[in-house]
Amino acid sequence: MSALYLLIPVSLLAAAGFLGAFVWAVKNGQYDDAHTPAMRMLLDDPALSKRENENP
Amino acid sequence: MLAYEILRNAGLEDYYRLNANPGVSLQSAARRASYAEYDDDRILCQVCDFQNDRHVDVTLHVPQIHCTSCVWLLENLHRLIPGIRHSQVDFFKKTVSIGFERSRTTLRAIAEMLDSLGYAPSPRDAGERADAVLQARKTLYLKIGVAGFCFGNVMLLSFPEYLLSGGESLEGFGTLFASLTLALSLPVLFYSASDYFASAWRAVKTRAINIEVPLAIGLFSLFARSLFDILVHHRLGFLDSFTGLVFFLLIGRLFKEKTFDALNFERTYESYFPLSVTRRSGGEERTVPLAEIRPGDRLRIRNQELIPADSVLKSVCACIDYSFVTGESLPQKIERGETVYAGGRQCGEAVEVEVVKSVSQSHLTRLWNDSSFKETKRKRFTQVSNHVGRLFTWATLAIGLASGVFWSFSAPERVVPVVTSVLLVACPCALALAFPFTFGTAMRILGKNGVYLKNMDVLESLSWIDTVVLDKTGTLTISDQDRADFIPSPGHAPLSPSEESWVRSVAANSVHPLSVALNRGLFRNPILTVRDFQEFTGRGLQAKVGSRDIRIGSAAFVSNSTLPDEAEKSLVYVSIGGELRGAFRFARALRPSLKKTIAALFETYRLILLSGDDPRDADVWARDIFTESAAVLRFRQSPKDKMDFVADQMRSGRFVAMIGDGLNDAGALRQSDVGIAITDDINAFSPSSDVILAGRSFPMLPQVFAAAKICMRVLSATVALSLAYNLIGLGFAVSGKLSPFVSAVLMPISSISVMAVSSFATRWNLKRSGFGVAKEEKKNPDSIQILNVASQGGS
């Protein structure tokens, strides 16, 4: 049972890592626009037949 | 080129497949408003995010974005304009970020293409404010994340002590868990909960006690008591309740903010006016930004351009559409030397004007810049939340004091635990959740039904209203759907459908406002081809349909004879085959269900009509629509008259709601307790209103007022519910039996039940009173439905 003295802080550290990832995501702007990606993922790309010089 | 052709040539006809009601009509001819200003480098700087000598990134505000196909089309812009490298839409902000290469295209070309497709970019409004809001939102996310993280872990660490039975003990782990929970609570105390402490401190300093004061007292007591228990008594403390409370409170706040995300009310007058105008000096013309215009400048105003400042007309004549300013959709003919006012739109050929007042001094913007606009509206009643906040603070302190005194006599060592228990359990946290969830739910449902509130306080203000003041033009009448009534000449029959068709066909070739109105009024009749079309400025139109000569215009032009002057300017005479048949008169259409709505409003409120028009049909209005003689009808009211009238009513103790539409109502809307702006085009509303009512939702007006009262009732019920929890907790606290376990059970139960009850009760009651609560159809996700701007060809 004394292993818990080590395990609990270690798991807290791991959880803190996830919190850090969340903080990074918010600061990086991942949550700035929560609506358009939901719409975007349902859209298809237009058919290729009429494509001219496509920009790289 | 028609917008449809543009899209088809680029292989993008899928646009129409994607959505039943896309923004771009198949019929709309490419409208080319002038985007000359976008050539100006200064303009580029205003909208630019990044530029170097090869590449430019700009962000344009496009209010027409309203559906999935808009997103699809705008993100496929690179297929329409070579030179665009990428484009990304932000649906909520209604912006599109475009990156393009300088060498292959220009900002002006992009703007013109967007306009042709029906997505005309408008000057970037409140860009900085959007960023500030975004920053605040990010901070809130972070606080919630931290609070949630700490809450979850603290709860886990508190469980072992709760699950002990009998003579067990945690032994060494107790210290570990206690110190970990303490460590985890510190970020919550200093970071996540900081706003509440700051707000409570401000409230105490200004002696305006609100609900955040007892909240802060409760939170602080929770933490202090736990600290004491952990350090001195080596017990667990109440930290799971503490972190949990902060977490729930922050979620309540997020809910509140997301509720009115969909509409940004902040606009200044600048967002209505063009970015720049053409100025003539010497012999040459230059495009200059608005801010540089001075009195004495000569400006060139082209077709469909807005006049930015009060000026005097220097050209022979002009045709100005003041619908933006007064709501009158029939344009006015202005002669040389007369004043034209800011906000008017020129229809017809380009004219020259000389500026008289600077932009900020013009009649219109002066009204807006009135000092009363700058301050937030003061409320003339005490809000419920402030009432409750005060009550709670004093009650908590009183009960704490009383129980402290009581226990000091019988068992002095229990004074501190009891008093701190009282303080922490009397925290009105469930109460603080009742407000955002009740009002927030109501606001969302109202939003889905075309009623947009500026913030939650407006709901409470609405429940106090007893007097309703209505504007006439544009509010009770729809300025877009002019009806063209034909008055036959004596002895002649009305026009047959084919004859109406001939008239329409001729009128369709002219862009004169009266022709356009005629075209719109006769929209049901098909358009035929005409021959030998001729337009005589200021007099009329002439053409041949088949072999028949059709003439439309003034009496003198049409009949080559003298007729008595028409009483109204808006009569358009028609002759067919040389024979005078009669004249068209344009009447404004009334809003659907107007009579029913007025009657319903009459049951509960005093109604007053204030109109800027002549008392043309005053008796019709009084008799047919405002059937009760108790209604007050006033005409020829100037914007200032309206504002003063509202102020008068308020001074005599009434709570006034003003319903208007145009900028000329701005003063009265601002002055009243609740200003409701009614609009058929969501993006052209007055900035001074508290509520925006979509034109189609006008019949729901009585229910909107009722909804406010419903919310107050639901609020009372949820307040009672949360009070019940407080009383139960108080029972435990005063008797000295409040343990962390009890608190840990009471806290989430009270919070969640209050959140659920307030949301569902509001939803159920509003649904019962007639509001639709179902999710909107795919084509209008969560945001406002923007009605298509009617194209020139027909509806």
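Keep in mind that this is a model prediction, so the values were computed, not measured.

Asks: Can you walk me through the overall build of chain B in this structure?
Replies: Looking only at helices and strands, chain B features 26 helices and 26 strands. Here the analysis covers contacts within chain B between residues at least 6 apart in sequence; of these, 69% occur between residues at least 24 apart.

Asks: I would appreciate a short explanation of the sheet that holds strand E2 (residues 55-61) of chain B in the present structure.
Replies: Sheets are built from strands that pair by backbone hydrogen bonding, the pairs being arranged parallel or antiparallel. Residue and element names in this part refer to chain B. Strand order in this open sheet of four strands is E1-E2-E4-E3, and the pairing throughout is antiparallel. Only two strands of the sheet have a single partner each, and these edge strands are strand E1 (48-51) and strand E3 (84-90). Direction aside, neighbouring strands of the sheet carry axes that sit 10° apart on average. Pairing between E2 and strand E4 (residues 95-101): seven bridges, direction antiparallel. The partner of Val 56 across the bridge, within E4, is Phe 100. Lying over the sheet, helix H4 (residues 68-75) contacts E3 and E4, oriented at roughly 160° with respect to E3. Lying on the sheet, helix H5 (residues 107-116) is in contact with E2, E3 and E4; it crosses E4 at an angle near 135°.

Asks: Explain helix H8 (residues 194-205) of chain B to me, please; I cannot follow it from the model alone.
Replies: Residues lying three or four places apart along an α-helix face the same way, a consequence of the helix completing one turn every 3.6 residues. Residue and element names in this part refer to chain B. Over its 12 residues, H8 runs 17 Å from end to end, which matches the ideal 16 Å to within 8%, given 1.5 Å per residue. Every buried residue belonging to H8 is among Tyr 196, Ser 199, Ala 200 and Ala 203, and all of these are buried. The arc enclosing the buried residues of H8, seen along the axis, measures out at 100°, which places them on a common side. Every exposed residue of H8 that faces more than 90 degrees away from the buried side is listed here: Trp 201, Arg 202 and Lys 205. On the buried face of H8, the contacting elements are helix H9 (212-233) and helix H10 (239-259).

Asks: So what exactly am I meant to see when it comes to the interface of chain A and chain B here?
Replies: It is common to report an interface's size as the accessible area lost on association of the parts. Counting from both sides, the interface comprises 29 residues of chain A and, opposite them, 39 residues of chain B. Between the two partners, chain A and chain B, sit two salt bridges. Across the chain A-chain B interface, the total number found is five residue pairs in polar contact (both at pLDDT 80 or more). Elements with a minimum of two residues in the side of chain A that touches chain B: helix H1 (4-28) and helix H2 (36-40) of chain A. Residue composition of the side of chain A that touches chain B, grouped by class: 17 nonpolar, four polar and eight charged.

Asks: Looking at this model, I keep getting lost on the confidence of the model for chain B. Mind explaining?
Replies: If pLDDT is low for a region, its predicted coordinates should not be looked at in detail. Residues and elements named next belong to chain B. For chain B, per-residue confidence averages 78 on the pLDDT scale, and residues scoring 70 or more make up 79% of the total. A low-confidence stretch, residues 25-32 stays under pLDDT 50, and its non-local contacts, those more than four residues away or across chains, total 18 contacts. When the criterion is pLDDT under 50, residues 776-795 qualifies, and its contacts beyond four places in sequence or with other chains add up to 44 contacts.

Asks: Please explain the packing of aromatic side chains as it appears in this structure.
Replies: Within a pair of aromatic rings, the relevant descriptors are the distance that separates the centres and the angle that separates the planes. Tallied over the entire structure, the rule returns 16 aromatic pairs over all chains. When the ring of Phe 151 of chain B is compared with that of Phe 247 of chain B, the centres are 5.8 Å apart and the planes differ by 35°; the resulting orientation is tilted. Placement of the pair is Phe 151 of chain B in helix H6 (residues 127-163) and Phe 247 of chain B in helix H10, with a sequence separation of 96 residues. Phe 247 of chain B sits in the buried class, given a relative accessible area of 18%. Put simply, the rings of Tyr 5 of chain A together with Phe 173 and Phe 177 of chain B pair up and form one aromatic cluster. Across the ring face of Tyr 191 of chain B, the terminal group of Lys 143 of chain B is positioned such that the distance to the ring centre comes to 5.5 Å.

Asks: What is the right way to read the packing of helix H16 (residues 429-448) of chain B against helix H25 (residues 701-734) of chain B from this model?
Replies: For any two helices packed against each other, one specifies the crossing angle of their axes together with the interaxial distance. All names here are of chain B. Where H16 contacts H25, the two axes come as close as 9 Å, and the packing angle between them is 155°. Overall, the two elements H16 and H25 adopt an arrangement that is roughly antiparallel. Of the two elements, H16 crosses H25, and the hand of that crossing is right-handed. Facing Ala 430, Leu 431, Ala 434, Phe 435, Thr 438, Phe 439, Ala 442 and Leu 446 of H16, the residues of H25 in contact are Val 704, Ala 707, Cys 711, Met 712, Val 714, Leu 715, Thr 718, Val 719 and Ser 722. Considered class by class, the residues forming the contact of H16 with H25 number 14 nonpolar, three polar and no charged.

Asks: How do you make sense of the pairing of E3 of chain B when you look at a structure like this?
Replies: All names here are of chain B. Judged from the six bridges that link them, E3 and E4 form a sheet pairing that is antiparallel. Among the inter-strand pairings, His 86 is bridged to a residue of E4, identified as Gly 99. Linking E3 back to E4 in an antiparallel pair, the connection comprises four residues, with Lys 94 at a positive phi of about 60°.

Asks: Looking at this structure, I do not really get unusual backbone geometry. What am I missing?
Replies: Glycine aside, residues mostly have negative phi, and peptide bonds are mostly found in the trans state. All names here are of chain B. Unusually for a residue other than glycine, Arg 207 sits at a positive phi of about 60°. For Arg 207, the position within the fold is in the loop between H8 and H9. With a relative accessible area of 73%, Arg 207 lands in the exposed category. In this structure, Ser 593 takes a positive phi of about 60° despite not being glycine.

Conventions used here
- Residues numbered from 1 in each chain as written.
- Chains lettered and ligands numbered in written order.
- Predicted model: local features only at pLDDT ≥ 70, side-chain atom pairs only at ≥ 80, totals over all residues.
- Heavy atoms only, no water.
- Helix = DSSP H or I, 4+ residues; strand = E, 2+ residues; numbered from the N terminus.
- Contact = heavy atoms within 4.5 Å.
- Pairing = 2+ DSSP bridges.
- Axes fitted to C-alpha atoms, helices over the stretch in contact; angles between N-to-C directions.
- Expected span 1.5 Å × (residues − 1).
- Buried < 20%, exposed > 50% of the residue type's maximum accessible area, 1.4 Å probe, protein only.
- Arc of directions from axis to C-beta.
- Salt bridge = Lys/Arg side-chain N within 4 Å of Asp/Glu carboxyl O.
- Polar contact = N/O pair within 3.5 Å; in protein donor to acceptor, adjacent residues only side chain to side chain.
- Nonpolar A, V, L, I, M, F, W, Y, C, P; charged D, E, K, R; others polar.
- pLDDT = per-residue confidence, 0-100.
- Phe/Tyr/Trp six-rings, centres within 6.5 Å; stacked < 30°, edge-to-face > 60°.
- Lys NZ or Arg CZ within 6 Å of the ring centre and 35° of its normal.
- Parallel < 35°, antiparallel > 145°, perpendicular 65-115°, else oblique.
- Left-handed = near helix turned anticlockwise from the far one by under 90°.

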